[in-house]
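# A look at the structure
What follows is each chain in one-letter form.
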Amino acid sequence: MRRLIFENCHILEQPVVGDDRGKLVAVEGQRSVPFDIARVYYIFGTEPGAERGVHAHRDLHQWATCVSGSCVLTVDNGRERHEVTLDSPEKGLHIRPMIWRKMRNFSEGAVLLVLASAAYDQADYIRNYGTFLSLTGGGAAK
Ligand code: T46
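Residues numbered from 1 in each chain as written. Predicted model: local features only at pLDDT ≥ 70, side-chain atom pairs only at ≥ 80, totals over all residues. Heavy atoms only, no water.

### A short note on the pairing of strand β7 (residues 62–68)
- Taking burial as the measure, the seven residues of β7 include five buried ones, the bulk of the element.
- Of the strand pairs in this sheet, β7 and strand β10 (residues 91–95) are connected by three bridges, and their pairing is antiparallel. Each residue of the ladder has a partner; that of Ala64, found in β10, is Leu93.
- Relative to strand β12 (residues 111–116), β7 runs antiparallel, the two sharing six bridges. Within β12, the position partnered with Cys66 by the bridge is Leu112. (Buried < 20%, exposed > 50% of the residue type's maximum accessible area, 1.4 Å probe, protein only. Helix = DSSP H or I, 4+ residues; strand = E, 2+ residues; numbered from the N terminus. Pairing = 2+ DSSP bridges.)

The following block contains the structure:
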């Protein structure tokens, strides 16, 4: 199921396969997420009060889910800003290119799993919010 956060930004819920042994979610590129999966990384051991992200990507698609614990992801397209709580391995946020993101409020033991459409590339990052706004044509998001 897709739930719209704003244009270009959706929560994608994944089907859960469950039986009396427990649960399993399989995520497949071009099927359960709308891009080929080129890279997987996960963030864990986050220090209390830490903020991560605080950038946008030019071309990268990502799908992020907390497979354990929770965190709050703020997404901003230059015009609108929303907070999404990731607190279930059954749902994740599809973050398209040109979305400014910040992650915070990691619970103890949180593990944020991210599937990405391309290999790690520093040149794809936009780290200056003013540059991001000039590229999106937005004013500061409310
Ligand atoms: C994003 C959010 C959600 C690598 O060597 N390879 C990688 O694939 C990644 C993602 C990071 N790194 C290195 C680069 C830095 O030395 O790991 C270190 C921490 O990376 P960064 O400060 O970029 O981590 P976050 O949590 O601020 O951002 C990450 C992703 O970089 C970013 O693409 O959208 O998670």
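Resuming the write-up.
### Details of the state of the cysteines
- Scanning all chains against the criterion turns up zero disulfides.
- In this structure Cys9 is not part of a disulfide, and its nearest cysteine sulfur, from Cys71, lies 13 Å away.
- Using a relative accessible area of 0% as the deciding quantity, one classes Cys9 as buried.
- Free of any disulfide, Cys71 has its nearest cysteine sulfur in Cys66, 3.8 Å distant. (Disulfide = S-S within 2.5 Å.)

### Here's the deal with the layout of surface pockets
- In this structure, the largest pocket occupies an estimated 290 Å³ of space.
- Lining the largest pocket are 19 residues, with Tyr41, Ile43, Gly53, His55 and Met103 sitting closest to its centre.
- Those elements that provide at least two residues to the lining of the largest pocket are β5 (39–43), β6 (52–57), β7, β11 (100–104) and β12.
- In terms of residue count, β6 provides more of the lining of the largest pocket than any other element does, four residues in total.
- Classifying every residue of the lining of the largest pocket by side-chain character gives 11 nonpolar, four polar and four charged. (1 Å grid on protein atoms, 1.4 Å probe; cavity = no way out; pocket = protein on both sides within 12 Å on 5 of 7 lines; lining within 4 Å. Points joined across faces, edges and corners; volume = space filled by probe spheres on them. Nonpolar A, V, L, I, M, F, W, Y, C, P; charged D, E, K, R; others polar.)

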